[in-house]
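So you can see what is in the structure, the chains are spelled out below.
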Amino acid sequence: MKAITFKGNAFEYFKIWIVNILLTIITLGIYYPWAKVRNNKYFYSNSFFDENNFDYHATGKQLFIGYLIGVVLFIAYTIINKFFPTIGLVLFVLLFISIPWLIYRSMRFNMNITSFSNVRFSFDGELKDSYIIYFAYPLLFLLLLASLIFCTTFFDNIIVVIGTIITTLILYIFAFAFFSMKSTTYLLNHSKFGQGQFSTNLKVSKFITIMLKTFGITLLSFIVCAAICIGVFYLFLDSSNIINQLMAGVNDPSHITAIMLSILPFFFFSYFLLILINFTAIAYYIVKQREYIFENSKLDEEIQFESKLKFTKLVFIMATNMIAIILTLGLAIPWAKIRYTRYMLSNTYIKADNPKEYISTTQKQSAIGEEIGDVFDVDVAAF
Amino acid sequence: MIEGILYKQNSTTNQKVVLILEETNFLIKANEEVNFEGLVSELIISNRLGNTKRVITLKNGDSFSTFENDFIDEHLLKKRNLLYKFEKNILLVLVSIIITALFTFSIFKWGIPIVSEKIAHIIPHEANELISNESIEFLDKHIFTKTKLSKETQKKILTNFNKKILPLIQNEENIKYKIIFRNWKIKDKSIANAFALPNGNIILTDEFIKLSSNQNEIDSVILHEVGHVYFKHGMQRLTQSTFTALITMYITGDLSSFAQIGVGFGSLFISSNYSRNHELQADLYSFEKMIEAKIDPIHFANIMEKLSTEEIKDSNTIKYLSSHPQSQDRVFKAKYYSNCFNQKIECKEI
């Protein structure tokens, strides 16, 4: 078992990053695809396994057309949505319909422009399956949910309402677990490295367990944070006094302003705790799911993977990254990204005893789907 | 001479080799045996990116990759890579940070308002009609109910509007100004408000008319709303929010989601700043027209004070906190113009 090493350097990346932003701004956004290429290439080609590195082969020119279409659609969508909400809704439905296509295209493109040790990855999934997973399943879930809520409206009973809420929650957890399992299986089982085939064998029950645990941890940390918030509120702020003062100050604006300002730090504190809960949930989910997917996936039935991320360490990295970014007004973004990537990759292990030679058989892919999706922030769950 | 790895085309098969330069020719040797040779000018060399591995593609499709970036830049390239030079130069990078900060600031501060003002005036008036008709249809369906004002009150306001206000504004552009009365209720509470649609329709709510003590107060607010139509603030806000969203996307394009929280706060602040400037501009328009019509601008101060105390009574404190300094400032300006009006002197802009 050997880990992937990441040789990116925060200062070196900072310089690339700032030049990218500068050029993007002064070209009014036209440079964006080229900036993206330089950015991705930096991360890919600094990732090494056994002295061989990954590489990113897209060119700015390839990405440009799709990007242009994306921007035009985005502007049209914003304008129409503002003035004609009804048509905006139709557009939203159209976007919903096109998401499976965008995912399919961007998977094909992204795998094709990625190489390791001079050999390209590829994706040979079918569009039909993409529609089943990213359109039919979510639609089915929404219909189920809608009919459940519709049925509940006939009863005017508190027990029925509580029952519905619990059923919805269970339905949601099951649906999400099922969806994640199907999606990961689709993406992995159709990915190739050269002529080598990735394969994975995932069980929905394990995904449900992970979801339930994530839910439990979120609930637990929420209770803890709420207790801290209430404690702080009673210890440091005299609540009855504040309410009285607020009542007394109704006709004196400066008075109210002063009171509001005195509570402000408390609001920020609570908000920060909320974000922390969010990170906790995300980190736990990433760590556990990644661990399970990696240990059940293989390349060519012989090369194995393992993820050794630690949940607490990941929460720590996410939280400190956020604090650094806020305190430096964004200048710490490159450092934060390098740090996060290094942690993720150095805990990705690959077991290849007698690696055979791989040869890639590639054909060119158009980047249109990938870039439209990029503008609308459609992203495939990374595995 | 540099060391590197030679990969067979599209294959993981590789071996350690050295590349030797002999004037315009090069040799690739593995274990002292010549593996490949050719002209330097036939090589395809990838762009430099920090100190990442450089890939040189040979004529037969095989590729030679190496970390010896400086050697390649010096001996194999005809011209150095401009981007890399830029990224390497510390002074230039520092300058980039400053320029980026200044540029972003100026785009938000001046660029977006100026461009959206231009765009708002270029867009044909038909677009305003279309948007306004759609809006009023929506508002009538979901927000407003029919006015409960007496026919008499309505007629009084309309006659005054036609006789006194329209002559002041009619000659400026081909917009048809029109007063519309509506009732606006949230739960059991009537809302006092006035606003303009881009096509020149000015909506006054019943509660607003009740709140006003005299015709001059109503006129001052109508003129303020006309100001919004005249400067095409509706269209400007639309273009502004589109641009803000786009630029935010560029900057956050490769950000992880947690940094976007901060950016969200930023754009909220920016858009409230834009709408504040619009209010001030419309106020100024109203004051000037009032003076022209011999109406004391103090009436605007009076109605504003009434509207904002109305707001305190029932809206939540946080919303109040954000809007209050502004209305205080606006009342102050109205009083300043009223002062000029009474002393019959020309007011300087403040």
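Residues numbered from 1 in each chain as written. Chains lettered and ligands numbered in written order. Predicted model: local features only at pLDDT ≥ 70, side-chain atom pairs only at ≥ 80, totals over all residues.

**Here's the deal with the sheet that holds strand β3 (residues 47-49) of chain A**
All names here are of chain A. Ordered in space as β1-β11-β10-β9-β8-β7-β6-β5-β4-β3-β2, the 11 strands form an open sheet in which the pairing is antiparallel. Of all the strands in the sheet, the pair left with one neighbour each is β1 (2-3) and β2 (5-6). Strand direction decides the pairing type here: β2 and β3, joined by two bridges, are antiparallel. Counterpart to phenylalanine 6 in the pairing with β3 is serine 47. Lying on the sheet, helix α2 (residues 32-45) is in contact with β3, β4 (52-56) and β5 (114-116); it crosses β4 at an angle near 165°. Against the sheet, helix α4 (residues 85-112) makes contact with β5, β6 (119-123) and β7 (191-193), and its axis sits at roughly 170° relative to β6, the strand it touches most. (Pairing = 2+ DSSP bridges. Helix = DSSP H or I, 4+ residues; strand = E, 2+ residues; numbered from the N terminus. Contact = placed C-beta atoms within 7 Å. Axes fitted to C-alpha atoms, helices over the stretch in contact; angles between N-to-C directions.)

**Looking at the packing of helix α1 (residues 10-26) of chain A against helix α3 (residues 90-122) of chain B**
At their nearest, the axes of α1(A) and α3(B) sit 9 Å apart, and the two run at 40° to each other. When the axis of α1(A) is compared with that of α3(B), the two are oblique. Crossing of α1(A) against α3(B): the hand is left-handed. Facing Lys15(A), Ile18(A), Val19(A), Ile21(A), Leu22(A), Ile25(A) and Ile26(A) of α1(A), the residues of α3(B) in contact are Val93(B), Ser96(B), Ile97(B), Ile99(B), Thr100(B), Phe103(B) and Thr104(B). Across the contact of α1(A) with α3(B), the residue classes break down as 10 nonpolar, three polar and one charged. (Parallel < 35°, antiparallel > 145°, perpendicular 65-115°, else oblique. Left-handed = near helix turned anticlockwise from the far one by under 90°. Nonpolar A, V, L, I, M, F, W, Y, C, P; charged D, E, K, R; others polar.)

**Re the environment of Leu63(A)**
Structurally, Leu63(A) is set in helix α3 (residues 60-83). Taking the C-beta count within 10 Å as the criterion, Leu63(A) has 23 such neighbours and is therefore assigned buried. (Buried ≥ 20, exposed ≤ 12 C-beta atoms within 10 Å, placed from the backbone.)

**Looking at the confidence of the model for chain B**
Atom-level detail of predicted coordinates should not be read off regions where pLDDT is low. Residue and element names in this part refer to chain B. In this model, chain B carries a mean pLDDT of 80, and residues with pLDDT of at least 70 account for 86%. Per-residue pLDDT stays below 50 along residues 254-259; that stretch engages in 11 contacts with residues further than four places along the chain or on separate chains. With pLDDT under 50 throughout, residues 314-324 is counted as low confidence; its partners more than four residues away or in other chains account for 10 contacts. (pLDDT = per-residue confidence, 0-100.)

**Structural notes on the sheet that holds strand β7 (residues 63-66) of chain B**
All names here are of chain B. Reading across the sheet, the seven strands line up as β4-β3-β2-β1-β7-β6-β5 and stay open at both edges, with antiparallel pairing between neighbours. Strand pairing shows two members of the sheet lacking a second neighbour, β4 (33-39) and β5 (44-45), which therefore form its edges. Inspection of the sheet shows β5 paired to strand β6 (residues 54-57) by two bridges, in the antiparallel sense. Within β6, the position partnered with isoleucine 45 by the bridge is isoleucine 56.

**What about the pairing of strand β2 (residues 14-22) of chain B?**
Residue and element names in this part refer to chain B. Two strands pair when backbone bridges link them, and strand β1 (residues 2-7) and β2 are joined in this way by six bridges, in the antiparallel orientation. Within the sheet, the bridge partner assigned to tyrosine 7 lies in β2 and is asparagine 14. Joining the antiparallel neighbours β1 and β2 is a turn of six residues, in which asparagine 10 adopts a positive phi near 55°. With five bridges connecting them, β2 and strand β3 (residues 25-30) associate as antiparallel partners. Considered in β3, the bridge of glutamate 22 is made with asparagine 25.

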